[in-house]
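Secondary and tertiary structure notes
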Amino acid sequence: MTLELTDKVVVIGAGIFGISTTLALAKRYPELKIQVVDRFEPPVPDGSSVDTTRCIRVDYTNEIYSELASESLAKIKKDPVISQFFHETGMSYTYDGKHDRWEDFYLAGKESAEKANQAHPEKVVSLDSTEEVFKSIHGKEGAVPSAIDIGRKTWWNKGYRNFSNGFIDAELAMKAYYERANSYPNVTFTFSEVEKLNYYPTTNKFKSVSLKNGEEIAADLAIIAAGAWSGKLVNLQNICKMSAVEVGWLKLTPEEQENWKDMSITTNLSTGINLFPPYNGEMKVLRRSPGYKNTVTVANPDPKANDSIEISYPRTKVTNPSDWIPKDAEIAIRENLKEILPSLYQRPFDRTRLCWLTQTPSANFLIDHHPHSENILLATGGSAHAWKFVPVIGDKIVDFLEGTLEQRLVELWSWREKLGDKADNGSAPRMVGEPQEISQVIRTSGNENLCI
Ligand SMILES: Cc1cc2nc3c(=O)[nH]c(=O)nc-3n(C[C@H](O)[C@H](O)[C@H](O)COP(=O)(O)OP(=O)(O)OC[C@H]3O[C@@H](n4cnc5c(N)ncnc54)[C@H](O)[C@@H]3O)c2cc1C
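Per an unreviewed UniProt entry, the chain carries the name FAD dependent oxidoreductase domain-containing protein and comes from Pichia membranifaciens NRRL Y-2026. Recorded in UniProt for the chain, the comment headed Sequence similarities (unreviewed entry) runs: "Belongs to the MSOX/MTOX family." Per UniProt, the comment on the chain under Cofactor (unreviewed entry) is "FAD".

Here you go:
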């Protein structure tokens, strides 16, 4: 569809997809009325786009994402407001050294990092032993724990460090992007949950949204950017799978912050652990595990349907404030800390969170019209790697609406691309396995069994 200047657009969701699209629309169409609806004012407390850190890297093995990420990072660095929240700490990728799929990821990743740094080869450094991996975090000091010390074979054995990438404070940045979007006279924000989409009688044509606060907002186009919550608003027919991964924060002493201030974001591909450098007196640790799902039955959101469907739907700190990451997650994180950050092995977490992903089979985003509805655009499927594209993804979404998006991107992000068996493009690889049902494993408090 082409946009008419008199149109009204409703954007559901003020995470990275929603805010970036709003900014692009507001700039290109000053006369267009843009109504953004979110459950909460950004930065949304349980939104996937809001966190202490998100990695910003350009060394994708896939050239399309690599080009887009480079363009995006250049924009972040040039932006006088957003650049303040970016920290160029570098990123290290390590693994256990076994000849399995993680070695393939390591080799492909290193090659991409070298390619991305052709002009500065000194920015990519090999970590060829357990000792080199350990010292990349601890500096020259500190005794490397041996297999005897930890009672098992070591897992952090080999890797590379790329000094070009870094992390952004994803909470402060989202607040700034929101304030920017809100400064456009043609943009209005409403904070209430969209309960359902309404269609013209007996048609599939979108008409309006009904909000929990009783309001009904009519519009010519709805952009569904509701992240992991999207499956309740439109039937995604399993092409996006919603699950959450475990995150925890540990308080650090001033001495620890100083000791580790030069570490890069360090990932162990084999164990899925992501360690972030000290930030605001804390260290964030997450695990790219198979994750956790929350199965619920909801009314089938297809316009003419009368039945119900099962989906996995976010259960978060907002809905369940006392939730604490499952025991297996905590044990796995601590078992890694025992080896790579021994002094944190038994430190209680300050807080934990399950962070929700909207995963497509290929890890390619979903930017397409809904195949069974009119005037509904889907802008989701972040697949654990979309944050870094905030400065560019909204323009691509508006290009799509205008019919000017490059064909290769139209195809990559299409609904059709997600059908059938698709290989994950490896942008944010996760450990193999099926997500566990949250209700069966969630705890209301943690930090028990600190000695594993
Ligand atoms: C643990 C973790 C680590 C990640 N690490 C990285 C990384 O290092 N680098 C990177 O680039 N990406 C990373 N990602 C991915 C990135 O964060 C996501 O792809 C991106 O934030 C998704 O944005 P979104 O707009 O789709 O979702 P969200 O930010 O969740 O936005 C959806 C919004 O819709 C709103 N909403 C939902 N339903 C309704 C409703 N019915 N009515 C009104 N509002 C509604 C929600 O409140 C929410 O604010 C990571 C993701 C996770 C979970």
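1. A closer look at the state of the cysteines
Under the defined criterion, the tally for this structure stands at zero disulfides. With no disulfide of its own, Cys55 has Cys355 as its nearest cysteine by sulfur position, at a separation of 12 Å. In this model Cys240 remains outside any disulfide bridge; the closest cysteine sulfur is found in Cys355, 16 Å from its own.

2. Thoughts on the environment of Ile16
Relative to the helices and strands, Ile16 resides in helix 1 (residues 16-28). By relative accessible area, Ile16 is classed as buried at 5%. Between the C-alpha atom of Ile16 and that of Ile76, which follows or precedes it by 60 residues, the distance is 14 Å. Setting aside residues up to four positions removed in sequence, Ile16 forms contacts with Ser49, Met174, Ala386, Trp387, Val390 and Ile393.

3. Comments concerning the pattern of salt bridges
Summed over the entire model, instances satisfying the criterion amount to 34 salt bridges. Measuring nitrogen to oxygen at the nearest pair gives 3.9 Å for the salt bridge that ties Glu71 to Lys75. Of this pair, Glu71 and Lys75 both sit in helix 2 (residues 63-78), four residues apart, which is roughly one turn of that helix. The class of Glu71 is partly exposed, set by a relative accessible area of 35%. Judged by relative accessible area, Lys75 falls into the partly exposed class, the value being 38%.

Rules used in this analysis
- Residues numbered from 1 in each chain as written.
- Predicted model: local features only at pLDDT ≥ 70, side-chain atom pairs only at ≥ 80, totals over all residues.
- Heavy atoms only, no water.
- UniProt positions renumbered as here; feature names shortened; annotations may be inferred.
- Disulfide = S-S within 2.5 Å.
- Helix = DSSP H or I, 4+ residues; strand = E, 2+ residues; numbered from the N terminus.
- Buried < 20%, exposed > 50% of the residue type's maximum accessible area, 1.4 Å probe, protein only.
- Contact = heavy atoms within 4.5 Å.
- Salt bridge = Lys/Arg side-chain N within 4 Å of Asp/Glu carboxyl O.

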